[in-house]
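The lines below spell out each chain.
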Amino acid sequence: MLLRYRYRLYPTAPQREALARAFGCARVVYNDAVAARNHAHREGLRYPSSGVLSRTLITEAKRRPDRAWLAEVSATVLQQALRDADRAYSNFFASLSGKRQGPRVGPPRFKRRSGTQSIRFTRGAAFRILGNGRLRLPKIGALNVAWSRDLPAEPSSVTVIKSAAGKYFASFVVEVADHAERLEPLEDPDAETGIDLGLANFAVLRGGVRSSHRGSSGSSSED
């Protein structure tokens, strides 16, 4: 079963600048993907595939003067931004067809610089938890982490989040064998919902429902 564990990050000034670049590049690629699909819809064209968007919006875009700065951040960050756009469209179409449960989901919108920002690194992106407890991220460096508890297993991904209040967090997805009877599993490891364990004395369940009951490990969490 997959759980999400979240901890405070304390990046240095240069690391905050590198994170700002990564947040900005991910936002641009996401918005470019939405713009490409909006154009296809207006013109009555077939929606461009993920492979086509990856080639045109990342690989080829890095060679253009107006997008050359995309090469300054990890390629995984840009690929994950495309995956986020794909997921947003999949949820939208599933909602239109009635295949998706819950409230109706609208079409993807352009992301803005203000508010919460996030980037995601998968295991293949070579992120590592170092022996000194720091989190090493490609093209960003080794960040200080406020470990409120140990991770129960090797994480498969980490999402770095900057809140609207300017605080930084690392949200790890970890596969565990216990908690299965008492907590809801995280079905989509890339989703920002599910069980979030880390900082305060409660768990955040899917849909934002909070529980004041701790798990057997005495974990803590913050939304």
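Note that the structure is a prediction, hence the values are computed from the model and not measured.

What to know about the overall build of the protein
A count of helices and strands for the protein gives three helices and ten strands. Counting helices and strands in the order they occur from the N terminus, the protein gives β-α-α-α-β-β-β-β-β-β-β-β-β. Across the 223 residues in the protein, those meeting the buried criterion constitute 44%. Contacts in the protein between residues far apart in sequence, at least 24 positions, make up 61% of those at least 6 positions apart.

Notes on helix 3 (residues 75-97)
Helix length check: helix 3 (23 residues) gives 33 Å between terminal C-alpha atoms against 33 Å at 1.5 Å per residue, within 8%. One or two positions beyond helix 3, positive phi appears at Gly-98, with a value near 85 degrees.

Focus on the packing of aromatic side chains
Counted under the stated rule, the structure contains four aromatic pairs. Between Tyr-47 and Tyr-89, the aromatic rings sit 5.9 Å apart at their centres with planes inclined by 90 degrees, giving edge-to-face as the arrangement. Here Tyr-47 is found in the loop between helix 1 (13-43) and helix 2 (50-59), whereas its partner Tyr-89 is found in helix 3, with 42 residues between them in sequence. By relative accessible area, Tyr-89 is classed as buried at 4%. Residues Trp-147 and Phe-172 carry aromatic rings whose centres are separated by 5.7 Å and whose planes lie at 25 degrees to one another, so their mutual orientation is stacked.

Description of the nonpolar core
Of all hydrophobic cores here, the largest spans 44 residues; its most connected members are Ile-119, Phe-121, Leu-135, Leu-137 and Phe-172. Ranked by the residues each element gives to this core, the list is headed by helix 1, at ten residues.

Comments concerning the pattern of salt bridges
Per the counting criterion, the structure on display carries seven salt bridges. Between Arg-55 and Glu-60 there is a salt bridge, with its nearest N and O atoms 3.5 Å apart. A relative accessible area of 41% places Arg-55 in the partly exposed class. Residue Glu-60 is classed as partly exposed on the basis of its relative accessible area of 34%. Between Arg-120 and Asp-84 there is a salt bridge, with its nearest N and O atoms 2.9 Å apart. Placement of Arg-120 in strand 2 (residues 117-122) and of Asp-84 in helix 3 is noted, with a sequence separation of 36 residues between them. The class for Arg-120 is buried, based on a relative accessible area of 5%. Here the salt bridges do not stand alone but share partners, grouping Asp-84, Arg-87 and Arg-120 into one network.

Considerations on helix 2
Turning to helix 2, its buried residues are Leu-53, Ser-54, Leu-57 and Ile-58. Taken end-on, helix 2 shows its buried residues confined to a sector of 100 degrees, consistent with a single buried face. Looking at the packing, one finds that the buried side of helix 2 touches helix 1 and helix 3.

Re the pairing of strand 1 (residues 2-10)
Of all nine residues in strand 1, eight are buried, a share of seventy percent or more. Of the pairings in the sheet, the one linking strand 1 to strand 7 (residues 168-175) comprises eight bridges and is antiparallel in character. Note on strand 7: the bridge partner recorded for Leu-9 is Tyr-168. In terms of strand pairing, strand 1 meets strand 5 (residues 141-146) through three bridges, oriented antiparallel.

Considerations on the side chain of Ser-74
Locating Ser-74 in the fold gives a position in the loop between helix 2 and helix 3. For Ser-74, a relative accessible area of 9% gives the class buried. The contacts of Ser-74, once residues within four sequence positions are left out, are Phe-121, Pro-138 and Lys-139.

Things to note about the confidence of the model for the protein
It should be kept in mind that the predicted coordinates are not to be read in detail where pLDDT is low. Overall, the prediction assigns the protein a mean pLDDT of 81, with 79% of residues at 70 or greater. The spread of mean pLDDT over the elements of the protein runs between strand 10 (residues 210-211), the lowest at 36, and strand 5, the highest at 98. Considering only residues more than four positions removed or in separate chains, one finds that residues 179-185, a stretch of pLDDT under 50, has 18 contacts. Contacts of residues 189-223 to residues separated by more than four positions or lying in other chains number 100 contacts, the stretch itself having pLDDT below 50.

Rules used in this analysis
- Residues numbered from 1 in each chain as written.
- Predicted model: local features only at pLDDT ≥ 70, side-chain atom pairs only at ≥ 80, totals over all residues.
- Heavy atoms only, no water.
- Helix = DSSP H or I, 4+ residues; strand = E, 2+ residues; numbered from the N terminus.
- Buried < 20%, exposed > 50% of the residue type's maximum accessible area, 1.4 Å probe, protein only.
- Contact = heavy atoms within 4.5 Å.
- Expected span 1.5 Å × (residues − 1).
- Phe/Tyr/Trp six-rings, centres within 6.5 Å; stacked < 30°, edge-to-face > 60°.
- Core = buried A, V, L, I, M, F, W, Y, C linked by side-chain atoms within 4.5 Å.
- Salt bridge = Lys/Arg side-chain N within 4 Å of Asp/Glu carboxyl O.
- Arc of directions from axis to C-beta.
- Pairing = 2+ DSSP bridges.
- pLDDT = per-residue confidence, 0-100.

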